[in-house]
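As a plain string of letters, each chain reads:
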Amino acid sequence: MKDFEIKHKILQIIENDLGVDGKLQEICTVLKASFEHYDWVGFYFKNGNKKELKLAQFAGKPTEHTIIPFGKGICGQVAISNKNFVVQDVTEQDNYISCGFAVQSEIVIPIFKNDENIGQIDIDSHSKAPFTKADEDLLEFVCAKVATLDLVY
Ligand code: SME
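Residues numbered from 1 in each chain as written. Predicted model: local features only at pLDDT ≥ 70, side-chain atom pairs only at ≥ 80, totals over all residues. Heavy atoms only, no water.

## A word on the sheet that holds strand E4 (residues 85–87)
Step number 1: A sheet is described by the order of its strands in space; here 6 strands give the open sequence E3-E2-E1-E6-E5-E4, paired in antiparallel fashion. What marks the edges here is a single partner per strand, and that holds for strand E3 (67–69) and E4. Recorded for the sheet is a direction-independent mean angle of 25° between the axes of neighbouring strands.
Step number 2: In terms of strand pairing, strand E1 (residues 40–46) meets strand E2 (residues 52–59) through 5 bridges, oriented antiparallel. The residue of E2 that forms the bridge with glycine 42 is phenylalanine 58.
Step number 3: Each of E1, E4, strand E5 (105–113) and strand E6 (116–125) touches helix H4 (residues 133–146); the most contacted strand, E5, lies at about 35° to it. (Pairing = 2+ DSSP bridges. Helix = DSSP H or I, 4+ residues; strand = E, 2+ residues; numbered from the N terminus. Axes fitted to C-alpha atoms, helices over the stretch in contact; angles between N-to-C directions. Contact = heavy atoms within 4.5 Å.)

## Here we look at the pattern of salt bridges
Pairing between side chains of opposite charge can happen when the charged atoms of each approach one another.
Step number 1: For the coordinates displayed, the defined rule picks out 2 salt bridges.
Step number 2: The residue glutamate 116 makes a salt bridge to lysine 46 at a minimum N-O spacing of 3.5 Å. Of this pair, glutamate 116 sits in strand E6 while lysine 46 sits in strand E1, and the two are 70 residues apart along the sequence.
Step number 3: The partner of aspartate 137 in a salt bridge is lysine 133, with the nearest N and O atoms 2.7 Å apart. Of this pair, aspartate 137 and lysine 133 both sit in helix H4, 4 residues apart, which is roughly one turn of that helix.
Step number 4: According to the relative accessible area criterion, aspartate 137 is partly exposed, its value standing at 35%. (Salt bridge = Lys/Arg side-chain N within 4 Å of Asp/Glu carboxyl O. Buried < 20%, exposed > 50% of the residue type's maximum accessible area, 1.4 Å probe, protein only.)

## A look at the environment of phenylalanine 4
Step number 1: Take phenylalanine 4: it is sitting in helix H1 (residues 3–15).
Step number 2: The sequence separation of phenylalanine 4 and asparagine 84 amounts to 80 residues, and the corresponding C-alpha distance is 21 Å.

## What to know about the site of the ligand
Step number 1: In the vicinity of the ligand, the residues found are Trp40, Tyr44, Ile68, Gly73, Ile74, Cys75, Tyr96, Ile97, Cys99, Glu106, Asp122 and Asp124.
Step number 2: A distance of 2.8 Å separates a nitrogen atom of the ligand from a polar atom in the side chain of glutamate 106.
Step number 3: For the ligand, an oxygen atom lies 3.3 Å from a polar atom in the side chain of aspartate 122.
Step number 4: Coverage of the ligand by the protein amounts to 100% of the 310 Å² it exposes when considered alone.
Step number 5: Among the elements that take part in the shell around the ligand, helix H3 (residues 73–81) stands out by supplying 3 residues, more than any other.
Step number 6: Considered class by class, the residues forming the shell around the ligand number 8 nonpolar, 1 polar and 3 charged. (Near = heavy atom within 4 Å. Polar contact = N/O pair within 3.5 Å; in protein donor to acceptor, adjacent residues only side chain to side chain. Areas by Shrake-Rupley, 256 points an atom, 1.4 Å probe, with all protein chains shown as cover. Nonpolar A, V, L, I, M, F, W, Y, C, P; charged D, E, K, R; others polar.)

## Re the packing of aromatic side chains
Step number 1: By the definition in use, this model includes 6 aromatic pairs.
Step number 2: An angle of 15° between the planes, with centres 6.1 Å apart, marks the rings of phenylalanine 43 and phenylalanine 45 as stacked.
Step number 3: The exposure class of phenylalanine 43 is buried, given its relative accessible area of 0%.
Step number 4: Ring geometry for phenylalanine 45 versus tyrosine 153: centroids 6.5 Å apart, planes at 20°, classification stacked. Residue phenylalanine 45 is located in strand E1, and its partner tyrosine 153 is located in the segment after H4; the two are separated by 108 residues in the primary sequence.
Step number 5: An aromatic cluster of at least three residues, connected via ring pairs, comprises Phe35, Tyr38 and Phe131. (Phe/Tyr/Trp six-rings, centres within 6.5 Å; stacked < 30°, edge-to-face > 60°.)

Have a look at this one:
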């Protein structure tokens, strides 16, 4: 699928009647299935008022990292920096939480609602240096659409 087709598919999911959890799950499933370099796709959201992220829906192998304190790992750093974090080679990162030896790269894009960083989409890849500006553009689109949902976090 081309990027514009995937964006169209995401819009369809956002508008379907699956409920928020179902939509987030479907987005993970569709993204993972659409790109060979997406081996794990998941959403983390701020855990209430705590300074930590909590894993929500995901597609791929279950991870033990269901809670990530702000500042820890790539995800925890994005919770503080409010910026996209593209890691083309995870072995070069000191502040990194491994979710399996096969993971070589990772991209995390924050989700903003009313200017607040409320969570993120996280993608792990078993390929080295697979991510381009196209991934960032698509995932920013996904995050903007997810922010329109009635999220509970
Ligand atoms: N690698 C992430 C942890 C989450 S897993 O990739 C699912 C990190 O360093 O924050």
